[in-house]
Amino acid sequence: MAKADLHCHSKFSNHPEDWFLKRLGSSESYTQPEFVHEATKARGMDFVTITDHNRIEASLILKEQHPDKAFTGVESTVYFPENRAKVHILLWGFSEAQFKTVQEIRKDIYRFRDFVRDENIAYAVAHPAYTPDNRMTPEQLEKLLLMFDVFEGVNGSRTRSNNHDLVKGINSLTPDHIEDMRIRYGIEPISDEPWVKSFTGGTDDHAGLFLGCTYTEAPGATVDEFLESIRTKKSTFGGRTDDYKTYAFAIYKIAYDFSESRGGMLSKSLLPQISQWFLERSAAQADAEDPFAAAEALTKTHQHIQTLRALSANLKGVPDDNLDAKLNLAYGFIAELLDDVQAELTKSFEKDLVNLNPGKLIKHLSQAIPVVFLTAPFFGIFKHMHRERKLVDHVLTRFADGRPEGGKRILWFTDTLADLNGVAATLKTISRVADERQLNFRLAACVTDDEASEMDLPNLMRLPYVHDFPLPHYEKMSMKIPSLLRSMEMIEEYSPNEIFISTPGPVGLLAMLVARLLGVKTVGVFHTDVSRFADEITGDESLAEVAEAYMRWFFCSMDEIRVPTREYMDILESRGYDRAKMELFHRGIEAEVFTPRGDGRDFLRAKYDLSGGVNLLFAGRISKDKDLDILAEAYEEIVKRRGDVNLLIAGDGPYLDGLRARINGTGRVIYTGQIAREDLPQYYSGSDYFVFPSTSDTFGMVVLEAQACGLPAIVSDMGGPKEIIADGKTGFVTPGKDVGAWVEAIDKAIDLKERDPDNYESMRRASREHVIHNRDWANILESLL
């Protein structure tokens, strides 16, 4: 089998599509034709061509110099006349006269196809699902499958998953698929067996870095035999694919070549300095030269240059021909630079805005400009490389089983995982159940080493972070700023098909950015009513309005919004959220963990020296938004009527000291502090009623846990928890923020226990049965993930 890199470029490809190169005024490539020949020959290619955009000068040069090994090539930009959607089609082995005709007819893909077929020119549709103008429709992609039989199966500048999934979809074509499309579009297929396709491979190299690393294999001892194998569908592909990092360094290399050709300020800037150092110089030169002196003088970012200078010493141990190792090393250096900038800017926002010192903030922003400029290509290219995902998914769904390589992969982001709250508890449960069921699921969060060790989640993606700070009014909750480039690297490696986002903090914003860059579906999970919390905690109406505007923007940016209860669907719709995007977010319970414990009452009596009586339990975050003042006032009234009522407050939070002061010395109040998750069933089982007065909770995970342990609950008629309760059967729903109503509800519940114990025990059994029947995690996750 002979090999050739059938898709590569030279200096004659001079109209860049990349925005970064356009802004620089650079050409698309500076590679010399003879260098293409030498580089591909060195990497084991038997034949050589160059496929510049709509130009053949380079391939003619090689054909003249190497007539036995080289042949003409071009990447023609062809158009669907109905909407001017561009398609790139590779042609090989044609004459100059044929190329002249191609140039005349390429504005009409239908005429172009007929000419290529009638002239028997070797061809392949390049990167079929990627089009430069993003105009191609799924219907037009299906037309390509009718009109052509040879496709580029691996393009070295596209992602591995997109290449693989597209080939899978195309290989799933059947005669019935072809006939259906023939009737629908009125286009005759190109061959007698158009459901049988073949593939080629090429690097799509513009920078001269990876020439010959991706290739086409086909039988043939001569150029003519090799091209005939492509025409008769006997070719296949092999070699590497790029990721956004290597593609970005190719852009750096082109920018460096541009700076060398033009000179000027760019040649002295940080970008060409790094490109030259990592892509051009040998390890031996590294011992004798300081590559960053000029950049240091230009940018004045001494700290950043020192970081690069110190880290560059690692390059000396990397062999000169190991380009991937060099690029990974360079990426690490640049990621560290951006980490420094992120940390500095975050601290500046945190301090200088509070201290009303805009001068320092502006200084930090100006110092960040060189590094932001340096890292900009990574983000644009990340999006560029995943832009064809929707068309790839269309081919998978239309012709295959709809499943991408490795199946559906879910990545779920959260800013809160190590904290004691319902969101964290829910996500940790989902993580464990998904792992048990071997679902393709990972949970992404910023956590410390100790937090990760304590949680011990097998499918946790630990995002690196550059800075953390306490959340105002929730000082025990730490917000962490994730490292952009390092996090992107981890996320891209996992290659999620769908992204879930539980929180609108820094991690949630990162998730939104990455989802947009990847072009995958985003599902926002509305756990927490932040605007209502802000109002309850601060009493500042303007702050609550700002929080609401932000939350509405955040969640309305999602493709789908999962909401815990139907009531909250109505609430969000009234606030301007799109009801059409909303679906219920069913939460489940681990019934084997949260189950009644027969020794629960003895456990509480021994641990807290309780002398009997009725045990009321509240569990959750101790904060004002939980309406704990309502519970405190109601309890004060209850103990005036009954002297044997204990109130256990389980949890921790910013209002703990305030609550202690509020009901200090009233009755028999026990503050348990934070309870380990595995110990909670003892508390639920040892209590008589769960009291949860919150009117701002969207769901109330602790209410579900209590019910699973057979504990009847008293909840407010405002918010989500009331939808967990079967009123009168598994607990009581009580008017929210009404102290008198809460007093009567608690009094009535205690009467039921004391005067009708059989009915009370039936309520305990019904509480668990109701949850088990409706809240099985296994079924919920199957439908959700």
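Note that the structure is a prediction, hence the values are computed from the model and not measured. (Residues numbered from 1 in each chain as written. Predicted model: local features only at pLDDT ≥ 70, side-chain atom pairs only at ≥ 80, totals over all residues. Heavy atoms only, no water.)

Asker: Even after reading the chapter, I still don't get helix 32 (residues 777–784), so can you show me in this structure?
Answerer: Every buried residue of helix 32 is accounted for by W777, A778, I780, L781 and L784. Within helix 32, the buried residues cover an arc of 165 degrees as seen down the axis, which keeps them to one side. Exposed residues lying more than 90 degrees from the buried face of helix 32 are N779 and S783. Lining the buried residues of helix 32 we find strand 9 (410–413), helix 18 (422–436), strand 14 (498–501) and strand 16 (560–563). (Buried < 20%, exposed > 50% of the residue type's maximum accessible area, 1.4 Å probe, protein only. Helix = DSSP H or I, 4+ residues; strand = E, 2+ residues; numbered from the N terminus. Arc of directions from axis to C-beta. Contact = heavy atoms within 4.5 Å.)

Asker: It is not clear to me how the packing of helix 26 (residues 628–641) against helix 30 (residues 739–755) should be interpreted in this structure. Could you clarify?
Answerer: Pairs of packed helices are described in terms of their axes, by the angle between the two and the distance that separates them. In the contact formed by helix 26 and helix 30, the axes pass within 9 Å of each other and the chain directions differ by 50 degrees. In terms of axis orientation, helix 26 runs oblique to helix 30. Classified by chirality, the crossing of helix 30 by helix 26 is right-handed. Between helix 26 and helix 30, the residues in contact are I630, E633, A634, E637, I638 and R641 and V739, W742, V743, E744, I746 and D747, respectively. Residues of the contact of helix 26 with helix 30, tallied by class, amount to seven nonpolar, no polar and five charged. (Axes fitted to C-alpha atoms, helices over the stretch in contact; angles between N-to-C directions. Parallel < 35°, antiparallel > 145°, perpendicular 65-115°, else oblique. Left-handed = near helix turned anticlockwise from the far one by under 90°. Nonpolar A, V, L, I, M, F, W, Y, C, P; charged D, E, K, R; others polar.)

Asker: I tried to follow the pattern of salt bridges on my own but got confused; where do I start?
Answerer: Where side chains of opposite charge bring their charged atoms close, a pairing between them can arise. All told, the structure shown has 50 salt bridges when counted by the stated rule. Ionic pairing is found between K722 and E567, a salt bridge with its closest N-O pair at 2.7 Å. With K722 in the loop between strand 22 (713–716) and strand 23 (731–734) and E567 in helix 24 (residues 566–574), this residue pair connects regions lying 155 residues apart in the sequence. Between D751 and R642 there is a salt bridge, and its shortest N-O distance comes to 2.5 Å. Here D751 is found in helix 30, whereas its partner R642 is found in the loop between helix 26 and strand 19 (645–650), with 109 residues between them in sequence. Here the salt bridges share partners, and the residues they tie into one network are E637, K640, R641, R642, E744, D747, D751, E754 and R755. (Salt bridge = Lys/Arg side-chain N within 4 Å of Asp/Glu carboxyl O.)

Asker: How do you make sense of the pairing of strand 9 when you look at a structure like this?
Answerer: A regular strand carries its side chains on alternate faces of the sheet. Burial along strand 9 is two-sided: I410 and W412 and L411 and F413, pointing in opposite directions, are all buried. Pairing of strand 9 with strand 14, which is carried by four bridges, proceeds in the parallel orientation. Directly across from I410, in strand 14, lies its bridge partner E498. (Pairing = 2+ DSSP bridges.)

Asker: Would you take a moment to explain the nonpolar core for this structure?
Answerer: As a rule of thumb, nonpolar side chains are buried together in soluble globular proteins. With 64 residues, the main nonpolar core has L647, L659, Y684, F690, V691 and I714 as its most contacted residues. In terms of residue count, the dominant contributor to this core is helix 30 (eight residues). The residues touching V691, leaving out its near neighbours within four places in the chain, are L616, L617, F618, L631, L647, I714, W742 and I746. Listed in part, the 63 residues of the second largest apolar core include Y247, L411, Y494 and A511. (Core = buried A, V, L, I, M, F, W, Y, C linked by side-chain atoms within 4.5 Å.)

Asker: Got a minute to help me understand the sheet that holds strand 9 in this structure?
Answerer: Remark on secondary structure: sheet strands pair via backbone hydrogen bonds, oriented parallel or antiparallel. Overall, parallel pairing links the seven strands, which are arranged 11-10-9-14-15-16-17 in an open sheet. Lying at the two open borders of the sheet, with one neighbouring strand each, are strand 11 (460–462) and strand 17 (582–584). Between one strand axis and the next, the sheet turns through 25 degrees on average, direction left out of account. Relative to strand 17, strand 16 runs parallel, the two being bridged by three bridges. Within strand 17, the position partnered with V563 by the bridge is L584. With respect to the sheet, helix 18 is in contact with strand 9 and strand 10 (441–445), its orientation differing from that of strand 10 by roughly 150 degrees.

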